[in-house]
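Chains, contacts and geometry: an overview
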Amino acid sequence: MSNTKSLLTIKDLHASVEEKQIIKGLDLDIKPGEVHAIMGPNGAGKSTLGYVLSGRDGYTVDSGSVTLDGEDLLEMETEDRARAGLFLAFQYPVEIPGVSNLEFLKASVDAQRQARGEDAITSADFLKEAKAACKQVNLPVAFLKRGVNEGFSGGEKKRNELMQMLLLKPKLCILDETDSGLDIDALQVVAEGVNSQRSADRSFIVVTHYQRLLDYIKPDFVHVLSDGKIVKSGDASLALELEAQGYAWLQKEPAEDELEG
Amino acid sequence: MSEWLESAIARAQGINDWLAPKRAHALELLANTKWPTRKTEAWRYTPLRPVERTQAKVISDKVNLSPVVIADLSAIELVFVNGQFDQAQLAKALPEGLSISLGSELGSAEKADALSIFSTIKPERHIFGLVNDALAQDVVVVSVAEGVEITQPIRISSLLSQGAESHTRVQVVLSAGSRLTVIEDVQAQGDSFNTAFVEYNVAANARLEHYRFALQTGSNVAIGGSHFNLHDHAKMNSTIVGFGSDLSRLDTDIIHAGEFADAKLNAMYLLDGKELFDLHATVEHAKPNGKTEENVRCIVADRARAVFNGRIHIHRDAQKTLAELNNRNLLLSDKAEINTKPELEIYADDVKCAHGATVAQIDKQALYYLQTRGVSRSKAQVMLNFGFINELIDLMPNAALAEWIRPIIRERFAQMEVK
């Protein structure tokens, strides 16, 4: 495995939000086809990592490097990162009333096709694909006509994220707390969708607080993120250990200022 | 008083027709009206310089112009060309229960009815409404008989050639229990000046579906109004779409003259360049149990200026009124301007009345979300702007009109982004 070229390489990443350092020296190497789970307590920087990798405004990289497929990810605009194959499934997908889901999905697919030098997909062909994707994630076709995520339940939003993933076929998917707010049935649907997309040339970062999701999406590696860096890595059994013991045993002695706070 | 108004008054003196008493009354009021300045509240943000400087002239020679074709819309066409009613463009046979006629050609009883309504729904405070009273040459009266539903929409088009001045006036009467759809549209070719006013009398249990498109841009001056009188259980649903021009001013007045009337007004305007659009919407709840829902959305780019004045007046007797006014604005540049003023006057104590006005820039979270899917920032902006307006377009009851206006608006957003 070590001979394979890495898909994502993060080296000594430091990043901050509004001058507050959140990521404090993070290293991660992901090869094609691998599923990495990132677990950690609240406030460890789990969601921040996804935002930093996708290039969200206000999330500043202070030092370190990130390459996707050998290219400098941090130099790219958000949309170019997506076109290069990065996909972030949001914990809280944004509602956009007035923009239909179908229009949004087609614009996304077209933008990425265009980046690859392909023509826009015809509306008829796209509708077929989108309907098939709806079916796969168990969303009624009527959701294509509704505003993006508008009035969707938590589970429907997550399934809508999954549908975007199916249509965009990214190389690297970051699932940010995809399990939050899902009941067990919805969780299964989402997990099955993710599993159906696992392949030798697609990798996943599964960010989660709980081990439960990992019963359904089996990771190759589990990392524990605490205070902005990875403090322990292991295989799937690490997740079970965490479930049993919590995070406290992995965290360093709290710093003085945190004690005071 | 301005030179322009003086010459308008002078031109109106010679007209002697069935509306003579109304015209004389308007002239009398005009003689006592001060030319609006920045100190005149109703015109505070809308300077009248483009009117003072207009070179537009009345063109009396016949010009052939026809309204734009709207796919899938089969309308009864009521066309004014440079202010003259073009009877040749009106269908020879109208549906039973519908009549469209020059007021001057009505029988004496109908004429008396028309006269009793003329200029009673449009408030006298509109200076250009008075100008229109005095100068509108061909006044057309549309009426629907009791209980009749006219399925084909009527489209009132005011078409202007380059440099033309026109004053058009229509009266629409829906008898009790009738149903009608009316589309108002002005299409001007530049350097023009027009006033276009329509008064609607909606009798008990009648239903009016109404659209007003003010899409002329550039060097046109367009001032007009749509005024509605709602009787018991009458319903209206109005959609206004406006682009700006050198000066575009629209007044709507909705009068709840009967109980249990129901009014919906959705207005959207999209301004670019140095355009100006001013919407003054007034709702008078004079009777109890009325309902009004108003949504006004505006997007202003570049150095354009938008004005919105939304007045809701709930009279002392108008108990159990439900009135809602929502105004949302998006500014696309630092130099763009929006002047918005909700004005609620409530004299009844058992009413529900809500209002809100927001001015914002584009939703950054939504922009980021679209970008994470590969959509470019500029394309994402167009999509979000469009979405903001599209919510109201989705509410348009007439599908053919919605399908027609969507690409026009999309095109306008794409242009806004280029700059």
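All of these numbers come straight from a predicted model, not from anything done at the bench.

Looking at the overall build of chain A
When you go through chain A residue by residue, the secondary structure sums to 9 helices and 12 strands. Against the compact-globule benchmark of 18 Å for 261 residues, chain A has a radius of gyration of 19 Å, which places it among compact chains. Across the 261 residues in chain A, those meeting the buried criterion constitute 43%. Taking as baseline every contact in chain A between residues at least 6 positions apart, the subset at least 24 positions apart corresponds to 71%.

A closer look at the overall build of chain B
Within chain B one finds 8 helices and 19 strands. Whereas a compact globule of 419 residues would reach a radius of gyration of roughly 22 Å, chain B reaches 21 Å, a difference of no more than 12%. Dimensions of chain B, computed from the C-alpha atoms along their principal axes, are close to 70 × 50 × 45 Å. Residues counted as buried form 51% of the 419 residues belonging to chain B. When contacts within chain B are restricted to residue pairs at least 6 apart in sequence, those whose partners lie at least 24 apart make up 83%.

So, the UniProt feature "domain: SUF system FeS cluster assembly SufBD N-terminal" (unreviewed entry) in chain B
The UniProt record annotates "domain: SUF system FeS cluster assembly SufBD N-terminal" (unreviewed entry) at residues 17–156 of chain B. The span residues 17–156 of chain B is 25% helical and 16% strand by assignment, and the distance between its end C-alpha atoms comes to 23 Å.

Remarks on the packing of helix H4 (residues 123–137) of chain A against helix H5 (residues 154–168) of chain A
Residues and elements named next belong to chain A. Their axes nearest at 9 Å, the elements H4 and H5 cross at an angle of 130°. The angle between H4 and H5 places the two elements in the oblique class. Crossing hand, H4 versus H5: right-handed. The segment H4 lies against H5, with Glu129, Ala130, Ala133, Cys134, Gln136 and Val137 engaging Arg159, Leu162, Met163, Leu166 and Leu167. Considered class by class, the residues forming the contact of H4 with H5 number 8 nonpolar, 1 polar and 2 charged.

Structural notes on the nonpolar core
Judged by nonpolar contacts, the single largest core of 192 residues is most densely connected at Ile174 of chain A together with Val202, Leu230, Tyr269, Val300 and Ala306 of chain B. Among the elements that take part in this core, strand S13 (residues 262–271) of chain B stands out by supplying 7 residues, more than any other. For Val202 of chain B, the contacting residues outside a window of four places in its chain are Leu174, Leu208, Phe228, Asn229, Leu230, His231, Ala234 and Met236 of chain B.

What to know about the UniProt feature "domain: SUF system FeS cluster assembly SufBD core" (unreviewed entry) in chain B
Those places that UniProt annotates as "domain: SUF system FeS cluster assembly SufBD core" (unreviewed entry) correspond, in this numbering, to residues 163–388 of chain B. Helix makes up 9% of residues 163–388 of chain B and strand 60%. Its end C-alpha atoms lie 35 Å apart.

Some remarks on the sheet that holds strand S19 (residues 352–360) of chain B
Residue and element names in this part refer to chain B. With mixed pairing, 10 strands are arranged side by side in an open sheet as S2-S1-S5-S7-S9-S11-S13-S15-S17-S19. With partners counted over all chains shown, the strands left at the sheet margins are strand S2 (84–85) and S19, one partner each. For strand S9 (residues 207–214) and strand S11 (residues 235–243), the ladder comprises 8 bridges, and the chain directions are parallel. Note on S11: the bridge partner recorded for Arg212 is Ile240. Each of S13, strand S15 (291–300) and strand S17 (322–331) is contacted by helix H7 (residues 377–393), which is oriented at about 160° to S15, the strand it contacts most.

As for the interface of chain A and chain B
Contacts between the two partners involve 20 residues from chain A and, on the opposite side, 19 residues from chain B. Of all elements in the fold, only helix H2 (78–83), strand S7 (96–100), helix H3 (101–115) and H5 of chain A reach the threshold of two or more residues within the side of chain A that touches chain B. Top element by residues in the side of chain A that touches chain B is H3 of chain A. It accounts for 5 residues. When the residues that make up the side of chain A that touches chain B are grouped by side-chain class, the tally is 10 nonpolar, 6 polar and 4 charged.

Focus on the confidence of the model for chain A
Residues and elements named next belong to chain A. A residue-level look at chain A finds 94% of positions with pLDDT of 70 or above and a mean pLDDT of 90. Within chain A, strand S6 (residues 86–89) carries the highest mean pLDDT (97), whereas helix H9 (residues 256–260) carries the lowest (43). Low pLDDT, under 50, characterises residues 253–261; the stretch is placed with 1 contact to residues that sit more than four places away or in other chains.

Here we look at unusual backbone geometry
Of note, Asn138 of chain A is a non-glycine position whose phi angle comes to about 65°, a positive value. Mapped onto the elements of the fold, Asn138 of chain A is located in the loop between H4 and strand S8 (147–148).

Let's talk about H5 of chain A
Count 3.6 residues to each turn of an α-helix, and residues three or four apart come out pointing the same way. All names here are of chain A. A rise of 1.5 Å per residue sets the reference length of H5, with its 15 residues, at 21 Å; its end C-alpha atoms lie 21 Å apart and thus fit the reference within 8%. Buried residues of H5: Lys157, Lys158, Arg159, Asn160, Glu161, Leu162, Met163, Gln164, Met165 and Leu166, and no others. Those residues of H5 that are buried lie in contact with S6, H3, H4, strand S9 (172–176) and helix H6 (184–197). Backbone geometry just after H5 places Lys169 at a positive phi near 50°.

A few points about the confidence of the model for chain B
For chain B, per-residue confidence averages 94 on the pLDDT scale, and residues scoring 70 or more make up 99% of the total. As a predicted assembly, this complex carries a pTM of 0.83 together with an ipTM value of 0.92.

What about the sheet that holds strand S11 (residues 221–226) of chain A?
Residues and elements named next belong to chain A. Reading across the sheet, the 6 strands line up as S6-S9-S10-S3-S11-S12 and stay open at both edges, with mixed pairing between neighbours. In this open sheet, the two strands that pair with only one neighbour each are S6 and strand S12 (229–234). Geometrically, the sheet is characterised by an average inter-axis angle of 20° between neighbouring strands, direction not taken into account. In this structure, S6 lies alongside S9, joined through 4 bridges in parallel fashion. Looking across to S9, one finds that Ala89 is bridged to Leu175.

Observations regarding the environment of Leu30 of chain B
Residues and elements named next belong to chain B. Assignment of secondary structure puts Leu30 in helix H2 (residues 20–31). Overall, Leu30 belongs to the partly exposed group, with 19 C-beta atoms counted inside 10 Å. As a C-alpha pair, Leu30 and Val131 span 101 residues in sequence and 7.6 Å in three-dimensional space. Apart from residues lying up to four places away in sequence, Leu30 is in contact with Ile9, Leu130 and Ala134.

A word on the packing of H5 of chain A against H6 of chain A
All names here are of chain A. Look at H5 against H6: their axes get within 10 Å of each other, and the N-to-C directions meet at 10°. One way to sum up the angle between H5 and H6 is to call them roughly parallel. Across from Gly155, Lys158, Arg159, Leu162, Met165 and Leu166 in H5, the residues of H6 making contact are Ala186, Val189, Val190, Gly193 and Gln197. Among the residues forming the contact of H5 with H6, the class breakdown is 6 nonpolar, 3 polar and 2 charged.

Quick word on the environment of Thr321 of chain B
All names here are of chain B. Looking at the element boundaries, Thr321 is found in the loop between strand S16 (305–314) and S17. Sequence separation between Thr321 and Thr292 is 29 residues, and the spatial gap between their C-alpha atoms is 8.2 Å. In contact with Thr321, other than residues within four places in its own chain, are His285, Pro288, Gly290, Ile314, Ala348, Val351 and Cys353.

What counts as what
- Residues numbered from 1 in each chain as written.
- Chains lettered and ligands numbered in written order.
- Predicted model: local features only at pLDDT ≥ 70, side-chain atom pairs only at ≥ 80, totals over all residues.
- Helix = DSSP H or I, 4+ residues; strand = E, 2+ residues; numbered from the N terminus.
- Rg over C-alpha atoms; globule rule 2.2 N^0.38 Å.
- Buried ≥ 20, exposed ≤ 12 C-beta atoms within 10 Å, placed from the backbone.
- Contact = placed C-beta atoms within 7 Å.
- UniProt positions renumbered as here; feature names shortened; annotations may be inferred.
- Axes fitted to C-alpha atoms, helices over the stretch in contact; angles between N-to-C directions.
- Parallel < 35°, antiparallel > 145°, perpendicular 65-115°, else oblique.
- Left-handed = near helix turned anticlockwise from the far one by under 90°.
- Nonpolar A, V, L, I, M, F, W, Y, C, P; charged D, E, K, R; others polar.
- Core = buried A, V, L, I, M, F, W, Y, C linked by C-beta atoms within 7 Å.
- Pairing = 2+ DSSP bridges.
- pLDDT = per-residue confidence, 0-100.
- Expected span 1.5 Å × (residues − 1).

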